[in-house]
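# Structural features, examined
Listed below, chain by chain, are the residues.
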Amino acid sequence: IKNIAVFTSGGDAPGMNAAVRAVVRASIYYKKEIFGIYRGYEGMIENDLVKLNARSVSNIIQRGGTILKSARSKEFRTEEGRAQAYQHLKARHIDALVAIGGDGTFTGLHKFYEEYKMPVICIPGTIDNDLAGTDYTIGYDTATNTAVDAIDKIRDTALSHNRLFFIEVMGRDSGQIAINSGIAGGAVAIIIPEEETTIDQLIEKLDETARNNKKSSLVVVAEGGKSGNALEIAQQVKERYSYYDTKVTILGHLQRGGAPTYFDRVLASRMGVAAIEGLLQGETDVMVGIQNGKIVYNDFELTMSKEKEIEAEALRIAKILAI
Ligand code: F6P
């Protein structure tokens, strides 16, 4: 391997820049040429890439977003799109790829590897923390901290007015952000896709805590929850339970921005170096992960065949504490 290209793809996540920096500098450390592809697979198809050096990634470790920009490419899902991307990469003598993104990114990369056998490696970058094979994805810690910060602020006003707030957090089909921001924010209930909560159960919990002298309440709702989104759930509760004045806050894309936490910066730095070292040691079609504090390489099937579970302990303590 002489020439490596790096790109970010899918939803951006805080810490992606720190990962780009680590990939670029590790490549240079190991005497390889490193290129950056703009807008993920879109840029690959459009031949939008530049050579990077150590200074190209100065002053980005602390910045949210991604300097390489990101996109979700429909064209790369087609054989023609991938063929075009390969032609461009070949013309620039790129012989390995590092992708930073989530499951959609890894799926595209796997297809590309199967077709063209170019060495590829994926770094998990998504706020959702929804990939099996890694305890954490880059961006999740920052996004969860952002959610907790917002929940704390909502708590102040909820308490002042004796209100019930439904706070919707991101995560796509995963309840990881919800469960941990809910525990850290002291939510009375946390509604996640991985566990069924009926409206009856929710009202029962709200009523039980109100009878226990609770004056205001926060319910954290994962956006992918099976009982509906926060607005729908709040509406159903309102119709049947009028003890509280009820409000809804959707945190939305706020959770995707901001400076990465120390945790995400270190995780991104470790994973970026591990991606280059893995590639140079012959790892391909794998995702870098972190398990019990150690770097691991998981192949595509292993990562994609399993759903990442919510820790049973987290579910248990959330319930013990919400009284
Ligand atoms: O995958 C990251 C994520 O922020 C999800 O939590 C959310 O469902 C989705 O992306 C939103 O996507 P978009 O930015 O395209 O609206």
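Heads up: these notes are all about the structure in this document. Along each chain, numbering runs from 1 in the same order as the chain's sequence is written. Only residues with pLDDT of 70 or above have their local features reported here, since the model is predicted, and side-chain atom pairs are shown and tallied only from 80 upward, although totals for entire chains, interfaces and linings are computed over all residues. Note that the side-chain values use all heavy atoms of the structure and ignore hydrogens as well as water.

## Re unusual backbone geometry
Here is the rule: Note on classification: 1.4 Å probe, protein chains only; a residue is buried when its accessible area is under 20% of the maximum for its type, exposed when over 50%, partly exposed between these limits. Helix and strand definitions here come from DSSP, where helices need a minimum of 4 consecutive H or I residues and strands a minimum of 2 consecutive E residues; each element is numbered from the N-terminal end.
At Lys117, a position not held by glycine, the phi torsion is positive, near 55°. Judged by its relative accessible area of 52%, Lys117 falls in the exposed class. One non-glycine residue, Asn213, adopts positive backbone phi at about 80°. Position of Asn213 relative to the elements: it lies in the loop between helix H7 (199-211) and strand S8 (217-222).

## A few points about the side chain of Thr126
Keep this limit in mind: Whether two residues touch is decided by their heavy atoms; if any such pair falls within 4.5 Å, the residues are in contact.
Relative to the elements of secondary structure, Thr126 occurs in the loop between strand S5 (120-124) and helix H5 (140-161). What makes Thr126 buried here is its relative accessible area of 9%. Ignoring any residue separated from it by four or fewer positions in sequence, one finds Thr126 in contact with Ala13, Gly102, Leu131, Thr137, Ile138, Gly139 and Tyr140.

## Notes on the site of the ligand
Formally: Here a residue counts as near a molecule or strand whenever at least one of its heavy atoms sits within 4 Å of it. Any N or O atom pair separated by 3.5 Å or less is treated as a polar contact, with the protein-specific requirement of one donor-capable and one acceptor-capable atom, and with residues adjacent in sequence counted only for side-chain atom pairs. Only the protein chains shown count as cover for residues, and all accessible areas are computed by the Shrake-Rupley method using a 1.4 Å probe. All amino acids are sorted into three groups, where Ala, Val, Leu, Ile, Met, Phe, Trp, Tyr, Cys and Pro are nonpolar, Asp, Glu, Lys and Arg are charged, and the leftover types, Gly among them, are polar.
The ligand sits among Arg72, Thr126, Ile127, Asp128, Met170, Gly171, Arg172, Glu223, His253 and Arg256. Gly171 places a main-chain nitrogen or oxygen 3.0 Å from an oxygen atom of the ligand. Note that an oxygen atom of the ligand is positioned 3.4 Å from one of the side-chain N or O atoms of Arg172. Burial of the ligand by the protein chains amounts to 74% of its free accessible area of 400 Å². Along the lines of polarity and charge, the residues of the shell around the ligand split into 2 nonpolar, 3 polar and 5 charged.

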